[in-house]
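Here are the chains, one letter per residue:
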Amino acid sequence: MILQTTIMPEQASEMAWHVDNIIWFITAVTGVTGLGVYLAMLVFCIQYRRRTPNALGPAPTPRILGSHKLELAWTVLPLFLFLSFFAWGAWVYNMALHPPPDAQEIYVVGKQWMWKVQYPEGQRVILGQNSLAYGGDVGGEGYFSGVMVLPLGRPVKIVLTSEDVIHDFGIPAFRQKIDAVPGRVTYMWYLPTKLGTYDIFCDQYCGTNHSLMVGKVMVVEAGEYEKWLRGEWQTGPGKNATDGSMAHQGRQLFMKLNCIQCHDPQKARAPVLEEIYNTDRPVRGGGMVRATDQYLRDSVRKPRAKVREGWEPIMPAFGPDKVSEEELNKVIAYIKSLKKGQSMDRTDVAVPPVGAPTEPPPPAKTTGEGGPK
Amino acid sequence: MSTVIETPAPASHEHPEAHEHVSYLKDGYSIWSWLFTVDHKRIGILYLVFLIVFFAVGGTFAGLVRLNLISPHGSILDNDTYNKTFTAHGVVMLFLFLIPSIPAVMGNFFVPMMIGAKDMAFPKLNIASWYVWIIGAGCAIWALLAGGLDTGWTLYPPYSSRFTHTNVVPGVFGVFVMGFSSIMTGLNIIVTIHRMRCPGMTWGRLPLFCWAMYATSLIQLLATPVLAITLALLMVEAASNALGNPIGIFDPSLDGDPVLFQHMFWFYSHPAVYIMIIPGMGVVSEILTCFSRKNIFGYTAVAWSSVGIAIIGFLVWAHHMFVAGISYYAALLFSFLTMLVAVPSAIKVFNWTSTLYRGAISFQAPMIFALGFLVLFTIGGLTGLPLATLGSDIHLHDTYYVVAHFHFVMVGGMVLAFLGALHYWWPKMFGVMYSDFWSRIGSILVIVGYILTFMPQFWLGYHGMPRRYPNYPPEFQFLNIMSTAGYTVQLAGFLTILTYLTISLFNGKKAGPNPWAATGLEWMTPSPPITHNFDHTPRVVCGPYEYSLNLTQTGERADVR
Amino acid sequence: MSDSAGALRHHFEDIEQQRGAERLGMWMFLATEILFFGGVFLAYTVYRHWYAKDFADVSGRLNVLVAGINTLLLLTSSMTMMFAIRAAQLGDRRRLMNFLAISAVLGAGFMGFKVYEYNQDYHEGLMPWRANFGKVPIHDPDHPGSPERTLEEQWHEKGVSPQRCRLFMTFYFIMTGIHGLHLIIGIACILVLWGRAYLGWITPDRYVAVEVTSLYWHLVDAIWLFLMPLLYLAGPHHSLHL
C-alpha cells in the first residue's frame, strides 16, 4: 500500500529506481537554486526596505542598469544544468522504451472501463471496478476485481492497445505508463524487483468511469507465478480462466475464421505465415515493410493497405465485429509462434495443452458498456 | 531639469468639443455610449467587468471540484457531473479568463497610453473583438451549463467525437469564436506598437509591459488560427457522428489518427500557455521597478527574453505527448527544445531579483502580488523541468504533479500578476484609491490560500494520483482535504479583494495623476484619463525606469501627485 | 499635402501613420490566414503521405479541367485587382470601377464552376457525409467503354480503401469550402469598394482600402495555388472528366 505520509512511494521495479534518481536530482538542483533566489529576495527585501516615512515617491537609489557578465552567467549555467537533465532523462527514457529481448510479452487491451490482460500461456484477467456503472451485476460479473500477477525478477513487456478511446496503463510503483491508443500498438516493460501489491491506474481521461478503471498488480515469487498461470490459485471470484495458451486459442481462431482457407502452404492462395514476425518483406508498389505487431494487426483489419509483393489485394477485412481485440491478439500470438513446417492443414486437429478444457468454453457474456453512438 | 518639449498637435486633430477635458468615464453616460464605444479604455473596462464574472464562474466550478474531492468516492457529484465540472473549470478559466485577461484589459487600456498614443490602431476592431468574445463566451457557457461537456478542455478524440454524448459542437464552437477575439486583440496591439509610438519612444525605451504585450500578441496572432482549424475539423467529425453518418478525421476506426489531433491541438495550446504568462511577466517588471525605485536590471535581456519565449514556445508542443506513442527521436527533440525555452524564464527571474538589490522597497499590495508572483512562478517554472525531462515525465505525466505545476504558473503566476496589475493601475483607471490595509490582507490571503491548495498536489502526483479522478485511493484523502481547505482561504482572499475594490469605487479617496510616483507615460495624464489620453503628443527623452534619477519618460520629476 | 479631406482618423497623427497601420494590419491578418490554412494543409499532407494510393485514385477522379479554368480565373482576377489599384492611384474612376467589377465577376465565375463541380460530386456519390458515398454507378476510367460500376466496386478491384477515399473527400470539401467562403467574403469586399468608387469616395489620396482588399484577394488566390495541386494533382487523371 502506498502510504501518503512517506516521502517516496514504493519502488517496485528496476526502472522505478532510475526514475526516482532523476526526479530527485532535478528536485535537489532546482530546489537549491530556488531557495537561493528566495534567500536573495528575502535579504534584499529586508535590507533594502524603504526607511523614509513617505512610503511612496522618490528615494535615493543607485542607477544600476545591468551586468553583461551576470547575464552571461545566468544564461549559460542554467542552460548547462537543463541540458544535463535532458541528457540523463533521455538515457532513462531510452531504457524505458526498449525492453530487453527476453522480456515475456503480456497483451493488454483497454476499453471503457476495464483492462483485459492476456498471458501467452492462456491466463486471462480483467481489471477495473465498474460496480457503480452498469446498474448492478451484469451476468454476476458486475464487480471486476482481477489482479495482474507478475513474477519477481523477470522482465515483462506489455503489448498494449485500446478498443475504443485513448486510455493509459500506468503503474506508479513501477514509475511507468504509456497511452493505449485505438488502432495502434504501444509497449511498456517492467522488471519487478519487490514483492507486493501495487495500484494500476488509467492515466488518460476516457469518460465516465475513468477513475474506476483501476486494478492491482501483484508481484510474486517465480514458483507462485507458475502455479497461478496453471490456474492453481485465483486472484478474484471466478475471473481467471486457463483455456489454453493464446497461441493455441489463436490457432483455433485461425481455423474458425477460415484464415486457413487461403493461408495454407499447400493451396498457395496467400502468403505463408511461418516465421514472418519481425522480418522485412517486400510490398506491392515498392518498398519493404517489417512484420511487427502493428503490421500483423493492420493486415487483419485493413489487409489491402500494404499487400505483399506478388499477391493480389483480395483478402477481406476483419473488423472488430468479426474478430475482437483480444481474439486478434490470440491470432497474432499464433502467427508469432509459427515455426517452419508447422502450418496446419485444414483437416488438422491439434492436441490442446495441459490444463485446457476439452469442452468448448461457454459463450462469452457481453457486458453492454458504452460504445459508439 | 525639465526637458519636455511640447509638440502642439495640428489643429485638425483636436476635437473642438468641450469633452476633450472630460475623463473617459464621464464622456457619455448612456449604456449606448458604452456598448458602442471605440475608446480603448472603455473597451478595457467592458472586458474587465465580464472577466470578473467569468472568473467567478470558473472559480465556482473549481470549488465544486475541490468539494467533491474531499471524499475518495465523490462527496457531492456523480462521475459524469464531476467530469463536466472539471471540463467547465478548464474551459472557462483558460478561454474566458486567462487568455483575454491582461491583454484585453491592461493591454487595451495601457499600451496606447504607454507609447503616447491616443488610441489603438484599430478602435472599431477593438470593440468588435469584445463582441466576438462575448458571443463566443455565451455559446461556450450555454454548452457547459445546458447539458455540459465532459471531454476535458483538451477535447481528445475519439472520445470527444464519437463516444461522448455531451455538447461538443456548441462548446467547441464557442471556443472557436473566442479565438477570433484573441487574434483581433493581438493584431491590434502589434500594429499599435509598430506604428503609433510617439516621438522619442524608440524600441529601446519601450516599457517592458509593451515588450511583453508585443510578444504575447505575436503568439495570439500566429498560434490561434491553428487552434481554429483544429477545432473546425473536430466539429466536423463530432457533428457527423451526432448526425449518424460518421466522418473520420481523427477517428482510427475510420482511418483517422487521434495523435494527429494532439499534435495540432498542442501546436496552439502550448504557445497559448505563454499567452497566459508573458503579459504577467510584463506587469511584474513594471511593478518591481516602481516599488523598489530602481531601474530594471538587464532591460535588454528581459525585453528579448519575452520575444525568445514566444518564438521558442512554438517549437515545444509535443512535450505534452511523451507517453502518447510518439517516436523516441521525436521525444528527444522536443525535450531538448523545451530545455531551451526554460532559459529565458530563468533569466527573467534572476533579473527581477537583482532589481531589488539596493532598492528602496515598499510593500503595498501591487508589490506583494509581484513578489508573490516571483516566488510562485519560480516554483511553477522549476517544476516544469521534471516534466520536460523524458525519464521523469513518464511517471509524472497526467498526475496531480502536472496539475500543481500548471496552477503554479497560471494562478500563482498570471492571476497574481493580473491582481497586481489591477491594484497598480486601479487609481489610474478609476481615479480612486482602495484601502491600503485591506489590500495587503487580501493579497496575503490569496497567496497563502493558493500555496495551501496546490503544494500538496505535488505530493499526490508523485505518489501517482491521476488527474481527472473523482474516485481515488483512500490514502490520498488527507492531502486532498488540505487542498480543499486552501481553496476556502483563497476564496476569502478573493472576496476581500472584490469588496474593498468595489467600495473604493464609491468611497475611495480621490487619486492624483501619479500616486505611485511612477515614470511611465500613462502616469502623465489625469486619473482617470481624458478620452484622448493626452492634450498634446508627449515627447520621450529617456528610458522607462529612471527611478534613480527621479525622471519620468518625458523628463519631468517623478513625484507623487 | 492635404489631410485628405477628412480621411484621417482622429487617433492618428498623420495620414502616413494611418496608411502604414492599415497596411501592416492587413499583412498581419494575412499571416493568420496562412497559419489557418497551413494547419489543414498539414493534416491533409500527413494523410496523403500515409494513404498515397487511395488518395491518388480519388484525386484522379476530380474534375481537373474545371480546376484549371478556376486557376486561370483567379490569376486573372488578381491581375485586374492590381490594375484597379493603379487606376485608383491615378484617379481614373471609370477604370477603377471596371476593374473591380471584372475581378468580382471572375471571382463569381470561380464560385459558379465550384457549384457545378460540387453538383457533379453530388451526382457521382462523392459527398462523404451522404449515405450513398461510393454507391452510385459511374464510368470506370481504367476500363473506358465498359458498363458503369459503383466506385466501391472499382475500389475493391484495385485494392483501394473506400474509407480512406472518404477521408480524402472530407478534406476536399473542408478545404475548398473554407477557401470558397473566403472568396465570397472577398467578392463582397470588392463590391463594397465598387460602391464606394461609384460614390466618389476613392481618390488618389484615399485608396488604401483598394490596396488592402487587393492584398487579401491575392492571398486567397495564392492559397488556391497550393490547394489545387494538393487536391487535384495527387494522382494521375485518366480523362478530363467532362
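Note: the structure precedes this text.
As a starting point, this report considers the structure included with it. What you are looking at is a predicted structure, and each value in this text was computed from that prediction instead of being measured.

**A word on the interface of chain C and chain B**
And then number 1: Residue-level contacts link 39 residues of chain C with 39 residues of chain B.
And then number 2: Both sides of the chain C and chain B interface together cover about 3,300 Å² of buried area, and 68% of this is carbon and sulfur.
And then number 3: For chain C, the biggest contributors to the area lost against chain B are His 10, His 11 and Glu 13 of chain C; these three give 19% of the whole.
And then number 4: At the surface where chain C touches chain B, the tally comes to 2 salt bridges.
And then number 5: The salt bridge involving Arg 164 of chain C is made with Asp 255 of chain B; its shortest N-O contact spans 3.2 Å.
And then number 6: The tally of links from chain C across to chain B stands at 14 residue pairs in polar contact (both at pLDDT 80 or more).

**Side note on the sheet that holds strand E6 (residues 167-171) of chain A**
Residues and elements named next belong to chain A.
And then number 1: Spatial strand order, E4-E10-E9-E6-E7: 5 strands in an open sheet with mixed pairing. Of all the strands in the sheet, the pair left with one neighbour each is strand E4 (147-151) and strand E7 (176-180). Looking at each pair of strands side by side, their axes are set apart by 25° on average, direction ignored.
And then number 2: Here 5 bridges tie E4 to strand E10 (residues 215-220), and the two strands are oriented parallel to one another. Within E10, the residue paired with Met 148 across the bridge is Val 217.

**What to know about the side chain of Ser 103 of chain C**
Residue and element names in this part refer to chain C.
And then number 1: Position of Ser 103 among the secondary structure elements: in helix H4 (residues 93-123).
And then number 2: For Ser 103, a relative accessible area of 0% puts it in the buried group.
And then number 3: With residues up to four places along the chain from it excluded, the contact list for Ser 103 reads Ser 77, Thr 80, Met 81, Ile 190 and Trp 217.

**Looking at helix H4 (residues 101-114) of chain B**
Residues and elements named next belong to chain B.
And then number 1: Its 14 residues give H4 an end-to-end C-alpha distance of 18 Å, which sits within 8% of 20 Å, the value for a rise of 1.5 Å per residue.
And then number 2: Maximal helix bending in H4 amounts to about 50°, located at Gly 107.
And then number 3: Where burial is concerned, most of H4 is hidden: 14 out of the 14 residues are buried.
And then number 4: Looking one or two residues beyond H4, the residue adopting positive phi is Gly 116, at roughly 80°.

**A look at a nonpolar patch on the surface**
All names here are of chain B.
And then number 1: There is a patch of nonpolar side chains on the surface, built from Ile 52, Leu 491, Leu 495 and Leu 498 and spanning about 330 Å² of accessible area.
And then number 2: Top contributing element to the nonpolar patch by residue count: helix H17 (residues 477-507), with 3 residues.
And then number 3: Summarising the element assignment, Leu 498 is placed in helix H17.
And then number 4: Taking the relative accessible area as the measure of exposure, Leu 498 reaches 43% and is therefore partly exposed.

**Details of the pairing of strand E1 (residues 104-111) of chain A**
Residue and element names in this part refer to chain A.
And then number 1: With 8 of 8 residues buried, E1 lies mostly within the body of the structure.
And then number 2: With 7 bridges connecting them, E1 and strand E5 (residues 156-162) associate as parallel partners. By the bridge assignment for E5, Val 108 is matched with Leu 160.
And then number 3: As defined by bridge partners, E1 adjoins strand E2 (residues 114-118) across 5 bridges and the pair is classed as antiparallel. Each residue of the ladder has a partner; that of Val 109, found in E2, is Lys 116.
And then number 4: From the end of E1 to the start of E2, which pair antiparallel, there are 2 residues.

Conventions we followed
- Residues numbered from 1 in each chain as written.
- Chains lettered and ligands numbered in written order.
- Predicted model: local features only at pLDDT ≥ 70, side-chain atom pairs only at ≥ 80, totals over all residues.
- Heavy atoms only, no water.
- Contact = heavy atoms within 4.5 Å.
- Buried area = accessible area lost by both parts, 1.4 Å probe.
- Salt bridge = Lys/Arg side-chain N within 4 Å of Asp/Glu carboxyl O.
- Polar contact = N/O pair within 3.5 Å; in protein donor to acceptor, adjacent residues only side chain to side chain.
- Pairing = 2+ DSSP bridges.
- Helix = DSSP H or I, 4+ residues; strand = E, 2+ residues; numbered from the N terminus.
- Axes fitted to C-alpha atoms, helices over the stretch in contact; angles between N-to-C directions.
- Buried < 20%, exposed > 50% of the residue type's maximum accessible area, 1.4 Å probe, protein only.
- Expected span 1.5 Å × (residues − 1).
- Bend = angle between axes of the 7 residues up to and from the residue.
- Patch = residues over 30% accessible without salt bridge, like charges linked within 9 Å, V, L, I, M, F, W, Y side chains within 5 Å.
- Areas by Shrake-Rupley, 256 points an atom, 1.4 Å probe, with all protein chains shown as cover.

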